[in-house]
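Fold and geometry: a report
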Amino acid sequence: MAAGAGAVAPARANDWPTRTVSWIVPFPAGGGSDMFSRPIAARVAEAIGESVVIDNRSGAGGTVGTAVAARAAPDGYSMLVGDTGLVYAPTIYPRAGFDFLRDFAPIAAFGRVPYALVINPARIDAANLEAFIEMAKKAPGGIDIGSAGLGTVTHLAIGLFEDRAGVKFTHVPYRGGAPMLQDLLAGQIGAAFVLVSAVAAAVRSGKLRALAVINRRRDAQLPDVPTAHEAGLADFRMTTWFGLFAPIRTPDIVLDRVHSAVQRALGSDEVKRLWAEHGAKVELESRADFANFIGREVERWTRIAKAANVQME
């Protein structure tokens, strides 16, 4: 019976797909994972000849939907749209219900979006990153810095920055990046790590000041803003990436076909335009390259999460 089942699986994979494919997005509609997945899903559907639907299953920092995807049958009909925060989620959510490396096969990256360290100049009079760090050292806990929420990438970034710069802030967590940015603009908090695309206009208008782009290279939306490395904080980088994954043991023939369809979608003029508007960087790469990147990200962010000692119920 086992031999027979093994013989049937490749034949079914060769026929894939014969019905609608579901992409589980473990966050609410309108968020980054949702926004980046929908235009890709539409083009993948055209390539494979079947519908690709977005299934938003939010809750507990994305762990609810991710656990559902981890338990799905490895037949190519349920996939996961993942992001940076999910790779370390099991470290801070004791009952996450999944292990990213054990339970998922990486397929393709959608894009990577850099952050900037931004201040409200009406609250903090720092001309550059060096002055900001000196100010923070002189008054430990004297600067309010916001995050998009407990356990988010921006929360962990604060802890990493404190460690690398030798400073201490007063952390103000929010329920999402949008309310955090509103309070930063209003001067209710002095600083925050914010996606470059979300603050570029406010920085150009002078309402906010970007001290550094937290990436290896400068961003085209803020070409005059140095990277953290250029500004004197070596090896400090932070981006949010989005990508597609399948339950482990999904047949390679399915993964390869979806990977090819995603690569073609990323090369379309419309997707390039949308990504440029949001400051997303695309690096077309093989499945193996993406898998290696994910392995490094799991190791890196798990280490950061453990150092931050964040625990969520």
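The text that follows walks through the structure, step by step, so that each part is easy to find.

How each quantity is defined
- Residues numbered from 1 in each chain as written.
- Predicted model: local features only at pLDDT ≥ 70, side-chain atom pairs only at ≥ 80, totals over all residues.
- Heavy atoms only, no water.
- Helix = DSSP H or I, 4+ residues; strand = E, 2+ residues; numbered from the N terminus.
- Rg over C-alpha atoms; globule rule 2.2 N^0.38 Å.
- Buried < 20%, exposed > 50% of the residue type's maximum accessible area, 1.4 Å probe, protein only.
- Contact = heavy atoms within 4.5 Å.
- Areas by Shrake-Rupley, 256 points an atom, 1.4 Å probe, with all protein chains shown as cover.
- Lys, Arg positive; Asp, Glu negative; His and termini not counted.
- Charge placed at Lys NZ, Arg CZ, Asp CG, Glu CD.
- Core = buried A, V, L, I, M, F, W, Y, C linked by side-chain atoms within 4.5 Å.
- Polar contact = N/O pair within 3.5 Å; in protein donor to acceptor, adjacent residues only side chain to side chain.
- Phe/Tyr/Trp six-rings, centres within 6.5 Å; stacked < 30°, edge-to-face > 60°.
- Lys NZ or Arg CZ within 6 Å of the ring centre and 35° of its normal.
- Axes fitted to C-alpha atoms, helices over the stretch in contact; angles between N-to-C directions.
- Parallel < 35°, antiparallel > 145°, perpendicular 65-115°, else oblique.
- Nonpolar A, V, L, I, M, F, W, Y, C, P; charged D, E, K, R; others polar.
- Arc of directions from axis to C-beta.

In this section: the overall build of the chain. When you go through the chain residue by residue, the secondary structure sums to 13 helices and 9 strands. Compactness check: the chain gives a C-alpha radius of gyration of 21 Å against a globular reference of 20 Å for 313 residues, within 12% of the reference. When the backbone C-alpha atoms are referred to their principal axes, the chain occupies close to 70 × 40 × 30 Å. Per-residue burial for the chain yields a buried fraction of 51% across its 313 residues. Counting contacts in the chain only where the partners sit at least 6 residues apart, residues at least 24 apart contribute 77% of the total. A total accessible area of about 14000 Å² is found for the chain, and carbon and sulfur atoms account for 51% of it. Charged side chains of the chain number 33 positive and 31 negative; the gap between the two group centres comes to 1 Å.

On to the nonpolar core, then. Phe100, Leu117, Leu129, Phe132, Phe161, Phe169 and Phe193 are the most contacted members of the largest nonpolar core, which totals 56 residues. Ignoring any residue separated from it by four or fewer positions in sequence, one finds Leu117 in contact with Leu129, Phe132, Ile145, Phe161, Ala192, Phe193, Arg209, Ala210, Leu211, Ala212 and Ile214. With 34 residues, the next largest nonpolar core counts Ile54, Met79, Ala108 and Leu266 among its residues.

In this fold, Leu195 is placed in strand 7 (residues 191–195). For Leu195, a relative accessible area of 28% corresponds to the partly exposed category. A C-alpha to C-alpha distance of 10.0 Å links Leu195 and Leu181, two positions 14 residues apart in sequence. When neighbours within four sequence positions are excluded, Leu195 is seen to be in contact with Val113, Pro114 and Tyr115.

The next subject is the side chain of Asn120. Relative to the elements of secondary structure, Asn120 occurs in the loop between strand 4 (104–119) and helix 7 (129–138). Residue classification places Asn120 among the buried residues on the basis of a relative accessible area of 4%. Aside from chain neighbours lying at most four places away, what touches Asn120 is Leu184, Leu185, Ala186, Gly187, Ile189, Gly190, Lys207 and Leu208.

Moving on, we get to the side chain of Ser147. When you line up the elements, Ser147 lands in strand 5 (residues 144–147). Among the polar contacts listed, one links the side chain of Ser147 to the backbone nitrogen of Gly149, at a separation of 3.2 Å. For Ser147, the contacting residues outside a window of four places in its chain are Thr152, Thr154, His155, Ile158, His171, Val172, Pro173, Tyr174 and Met180.

What follows concerns the packing of aromatic side chains. Under the counting rule described, the total for this entry stands at 20 aromatic pairs. Measuring from ring centre to ring centre gives 5.2 Å for Phe100 and Phe104, while their planes differ by 40°; the resulting arrangement is tilted. Here Phe100 matches Phe104 in class, with each residue buried. Ring-pair connections join several aromatic residues into one group, and the members of that group are Phe98, Phe100, Phe104, Trp241, Phe245, Phe290 and Phe293. One cation-aromatic arrangement involves Arg19 over Tyr77; the distance from NZ or CZ to the ring centre is 3.8 Å. If you follow Arg112 out to its NZ or CZ, it ends over the ring of Phe293, 4.0 Å from the centre.

Moving on to unusual backbone geometry. It is generally the case that most residues other than glycine have a negative phi and that most peptide bonds are trans. Each neighbour pair has its own omega, and for Trp16 with Pro17 the value is -5°, a cis peptide bond. Summarising the element assignment, Pro17 is placed in the loop between helix 1 (2–15) and strand 1 (21–25). Phi is positive for Ala60, which is not a glycine, with a value near 50°. Locating Ala60 in the fold gives a position in the loop between strand 2 (52–56) and helix 3 (63–71). With relative accessibility at 37%, the residue Ala60 sits in the partly exposed group. The residue Arg249 is not glycine, and still its phi comes out positive at about 80°. Note that Arg249 resides in the loop between strand 9 (239–247) and helix 11 (252–266).

Turning next to the packing of helix 2 (residues 32–48) against helix 12 (residues 269–277). In contact at an axis separation of 11 Å, helix 2 and helix 12 are set at 175° when each is read in the N-to-C sense. Here helix 12 runs roughly antiparallel to helix 2, going by the angle between their axes. In this structure, helix 2 contributes Phe36, Pro39, Ile40 and Arg43 to the contact, and helix 12 contributes Glu270, Val271, Leu274 and Trp275. Among the residues making up the contact of helix 2 with helix 12, the classes are represented as 6 nonpolar, no polar and 2 charged.

Looking at helix 9 (residues 177–186), one finds that the buried residues are Met180, Leu181 and Leu184. The buried residues of helix 9 occupy an angular sector of 95° when the element is viewed end-on, so they sit on one face. When the buried face of helix 9 is taken as reference, the exposed residues oriented beyond 90 degrees from it are Ala178, Gln182 and Ala186. The inward-facing, buried residues of helix 9 abut strand 4, strand 5, strand 7 and helix 10 (196–205). Where helix 9 ends, the next residue or the one after it, Gly187, has phi of about 85°, a positive value.

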